[in-house]
Structure formats: C-alpha cells, structure tokens
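# Observations on chain architecture
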Amino acid sequence: QVQLLESGGGLVQAGGSLRLSCAASGSTFSFNAMHWYRQAPGKQRELVAGITSGDTTTYAEAVKGRFTISRDNAKNTVYLQMNSLKPEDTANYYCHAYYRRYNDERQYWGQGTQVTVSS
C-alpha cells in the first residue's frame, strides 16, 4: 500500500525558511507528478507547487520566487524549499502523488504537516 509521509513543518518567524519533505513508500512505480497543496483554516485546499517526472515545475502566484519544488525520482521523494516565509503561508501542507499508465490512474495524499509563520 502506497503511503506518503511528510516532514519538516514547524513554527518559524516571518522571513525564515523551512524545507518540507515527502517520501513515498510501498510504491513499485514512479509517479507522473507530485505536488504540494496547502489548506489554511476556513479556506479551501490550494495547489502550491507541482513537479513532473521530467522536472517540469509549476507554482502558485503567491509563492513564485520564494518556494522551490524538487524531487528525487530514485527515492520517490519530493521536497519544498520555502524561503521568505510570510504569515499568510501558515497552513497545513499536504503532499499529493499522481500516477497514470493508460487507463490505470491513481492518486495519493499524505496526512499533512503544519507550517506556522509568526509575524
């Protein structure tokens, strides 16, 4: 059974940095894409960043220039380097993995890791 395990969240002051990691276990295949989403209290879950197996990346406008997503395909691990953090980045951050081969399509979610940025 595939599991995604996030780590690296915590409390940081505004302007600080954190690095999130998401390790996939139980998978015998590589994911087509991996993403980081976040959800703040009272708000909908939103896409923060994504990366394909070919290293094509995408970012939400709110984090462009501050966050960097990367992945280690051999380890089925994705990272999110977050710099210049702002209080509005406070949220629970979720890892998401997407796999597709022909008609076989699968998605997996992690349990989330809390990021709190104090002003």
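Located above this text is the structure these notes cover.
Notes on the structure follow.

The rules behind these values
- Residues numbered from 1 in each chain as written.
- Predicted model: local features only at pLDDT ≥ 70, side-chain atom pairs only at ≥ 80, totals over all residues.
- Heavy atoms only, no water.
- Pairing = 2+ DSSP bridges.
- Helix = DSSP H or I, 4+ residues; strand = E, 2+ residues; numbered from the N terminus.
- Axes fitted to C-alpha atoms, helices over the stretch in contact; angles between N-to-C directions.
- Disulfide = S-S within 2.5 Å.
- Buried < 20%, exposed > 50% of the residue type's maximum accessible area, 1.4 Å probe, protein only.
- Lys, Arg positive; Asp, Glu negative; His and termini not counted.
- Salt bridge = Lys/Arg side-chain N within 4 Å of Asp/Glu carboxyl O.
- Polar contact = N/O pair within 3.5 Å; in protein donor to acceptor, adjacent residues only side chain to side chain.
- Contact = heavy atoms within 4.5 Å.

## Quick look at the sheet that holds strand β3 (residues 18–25)
Pairing is antiparallel across the open sheet formed by 4 strands, whose spatial order is β1-β3-β8-β7. The open sheet is flanked by β1 (3–7) and β7 (67–72), the only strands paired with a single partner. Taking each pair of neighbouring strands and ignoring which way they run, the sheet shows an average axis angle of 15°. Pairing of β7 with strand β8 (residues 77–82), which is carried by 6 bridges, proceeds in the antiparallel orientation. When the sheet's bridge partners are listed, Phe67 is paired in β8 with Met82.

## Quick notes on the state of the cysteines
All told, the structure shown has 1 disulfide when counted by the stated rule. What pairs with Cys22 in a disulfide is Cys95, and their sulfur atoms sit 2.1 Å apart. A torsion of -80° about the S-S bond marks the disulfide between Cys22 and Cys95 as left-handed. With Cys22 in strand β3 and Cys95 in strand β9 (residues 91–101), the pair connects residues that are 73 residues apart, well separated along the chain.

## Re the side chain of Glu6
Mapping Glu6 onto the fold places it in strand β1. This buried residue, Glu6, is left without a salt bridge; Arg45 holds the nearest opposite charge, at 7.7 Å. At 2.9 Å, the side chain of Glu6 forms a polar contact with the backbone nitrogen of Gly112. Each residue touching Glu6, except ones within four places of it in the same chain, is listed here: Ser21, Cys22, Trp36, Tyr93, Tyr94, Cys95, Gly110, Gln111, Gly112 and Thr113.

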